[in-house]
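# Breakdown of the fold
Each chain, written out:
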Amino acid sequence: MTAILEVNAISKHYRRGDERIVALADVSFRIEQPTVTAVAGPSGSGKSTLLSMLARFDQPDSGHIMIDGARLDSIAESGLDQFRNRKLGFVFQQFNLVSVLSAVENVELALAPQALPKQERRSRAIAALEMVGIGHRLSHKPTELSGGQQQRVAIARALVNRPRFVIADEPTGSLDSKTAHELLDLIGRLNQQMDTTFIIATHDVKVMQMAHRVIRLEDGRLI
Ligand SMILES: Nc1ncnc2c1ncn2[C@@H]1O[C@H](COP(=O)(O)OP(=O)(O)OP(=O)(O)O)[C@@H](O)[C@H]1O
Ligand SMILES: [Mg+2]
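Here is a short report on the structure shown in this document. What you see is a predicted model, and the numbers here were worked out from it, not measured in a lab.

This brings us to the sheet that holds strand β2 (residues 19-31). The four strands are arranged β2-β1-β4-β5 in an open sheet whose pairing can be described as antiparallel. Here the strands that pair on one side only, and so sit at the sheet edges, are β2 and β5 (70-71). Contacts between helix α1 (residues 47-54) and the sheet are confined to β1 (5-16), β2 and β4 (62-67), with β1 contributing the most and set at about 120° to the helix.

Before going further, it helps to examine the pairing of strand β9 (residues 213-218). Both strand β3 (residues 36-40) and β9 contribute to a ladder of four bridges, which runs parallel. Looking across to β9, one finds that threonine 37 is bridged to arginine 213. Relative to strand β10 (residues 221-222), β9 runs antiparallel, the two sharing two bridges. Paired with leucine 217 across the bridge in β10 is leucine 222. A loop of two residues connects β9 with β10, the two strands running antiparallel in sequence, and aspartate 219 in this loop sits at a positive phi of about 50°.

It is worth spelling out the environment of isoleucine 200 at this point. Structurally, isoleucine 200 is set in strand β8 (residues 197-201). Once the C-alpha coordinates of isoleucine 200 and arginine 137 are considered, the two residues, 63 residues apart in sequence, prove to be 26 Å apart. Contacts of isoleucine 200, omitting those with residues within four sequence positions, involve Val36, Thr37, Ala38, Val39, Ala168, Pro171, Ile187 and Val207.

Among the secondary structure elements, glutamine 150 is positioned in helix α5 (residues 147-159). Separated by 3.1 Å, the side chain of glutamine 150 and the backbone oxygen of proline 142 make a polar contact.

Let's shift gears to the site of ligand 1. In the vicinity of ligand 1 there are 14 residues, among which Ser43, Gly44, Lys47, Ser48 and Thr49 approach most closely. The fraction of the free accessible surface of ligand 1 (640 Å²) that becomes covered by protein chains is 69%. Elements with a minimum of two residues in the shell around ligand 1: β1, β2 and α1. Take the shell around ligand 1: its biggest share by element is three residues, from α1.

So, on to the packing of aromatic side chains. Evaluated as defined, the whole model comprises three aromatic pairs. Relative to phenylalanine 90, the ring of phenylalanine 57 has its centre 5.0 Å away and its plane inclined at 90°; by these criteria the two rings are edge-to-face. Taken together, the residues span a long stretch of sequence, with phenylalanine 57 in the loop between α1 and β4 and phenylalanine 90 in strand β6 (residues 88-91) at a distance of 33 residues. By relative accessible area, phenylalanine 57 is classed as partly exposed at 39%. Here phenylalanine 90 falls in the buried class, since its relative accessible area comes to 13%. Centroid distance phenylalanine 57 to phenylalanine 92: 5.5 Å. Interplanar angle 45°. Geometry classified as tilted. Here phenylalanine 57 is found in the loop between α1 and β4, whereas its partner phenylalanine 92 is found in the loop between β6 and α3 (103-109), with 35 residues between them in sequence. Judged by its relative accessible area of 22%, phenylalanine 92 falls in the partly exposed class. Aromatic ring contacts, followed pair by pair, group Phe57, Phe90 and Phe92 into a single cluster.

Reading guide: rules and limits
Residues numbered from 1 in each chain as written. Chains lettered and ligands numbered in written order. Predicted model: local features only at pLDDT ≥ 70, side-chain atom pairs only at ≥ 80, totals over all residues. Heavy atoms only, no water. Pairing = 2+ DSSP bridges. Helix = DSSP H or I, 4+ residues; strand = E, 2+ residues; numbered from the N terminus. Contact = heavy atoms within 4.5 Å. Axes fitted to C-alpha atoms, helices over the stretch in contact; angles between N-to-C directions. Polar contact = N/O pair within 3.5 Å; in protein donor to acceptor, adjacent residues only side chain to side chain. Near = heavy atom within 4 Å. Areas by Shrake-Rupley, 256 points an atom, 1.4 Å probe, with all protein chains shown as cover. Phe/Tyr/Trp six-rings, centres within 6.5 Å; stacked < 30°, edge-to-face > 60°. Buried < 20%, exposed > 50% of the residue type's maximum accessible area, 1.4 Å probe, protein only.

Here it is, written out as C-alpha cells:
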C-alpha cells in the first residue's frame, strides 16, 4: 500500500561550538491512512526537530520524506509556501502568532494566499475560531490573550484551510484539562469526518491514549 507519509532513514545533527548534537538518528516510519499519530519522548529527544522536517522548515542531513507521493526535498524554495498552504497546517510549540494582529486577523493570514473575497475570509476565520471555542475573543491581540487562548488561535490558524495534514507541537501544552479534552474531541472529529492526518508531538498521556499510534523517540532514535 502506498503511504500518505513516509519518513525514510532521516538523520539530523546540530553543532554548538565543538559539540555535535545528534537530534535525529536514522528515523523511519510510514503512515498509510488518515490517522492520529502521537510523537512521544523526553525533552530533547528530537520531537520538534522531526516535526520541522515534516513541514520542511528544515531539511535532514540524510534520508528523505515523502508526503502524498512527493519527495519534500524536490520541492523548490519558490513552491514551499504553496505546498504548505495546500497540504499542511502547523501548530508551533511557541504559537508564532503575529503580535500586532488580532486573533481573527492571525487566522486570516493562513487564507491570504487564496483569492477569496474579504468577507469570505473573515467568515471562515471566525468559524475556525468558534470551532476551537474562542469565538468571543476575535479582536484581541496575542498579548491580550492567555497562553491557552493563544494556543487555540494557533490551532484555528492551522485548521482554517482544512489541510490534509496537521502537524502540531505540544498543542495541549498550555491548555487546562477541559479545553485540552475539547481539542482532542475536535482532532478526533476532524480525523473521522475530514480524513485529516494528525502528527502530534506531545508529553500528554491523554493525546497518546486517543492517538491511533504512538511513535517514541529517545536521543533522536525511534524506540
Ligand atoms: N537550532 C539548534 N541548534 C543546536 N541544537 C539544537 C537546535 N535545535 C534543537 N537542538 C538540540 O537538538 C535536540 C533535539 O531538540 P528538539 O527541540 O527536537 O527536542 P524535543 O523532543 O522537541 O524537546 P521538548 O520536549 O523539550 O520540546 C536537543 O538536544 C536540542 O538541544
Ligand atoms: Mg519540542
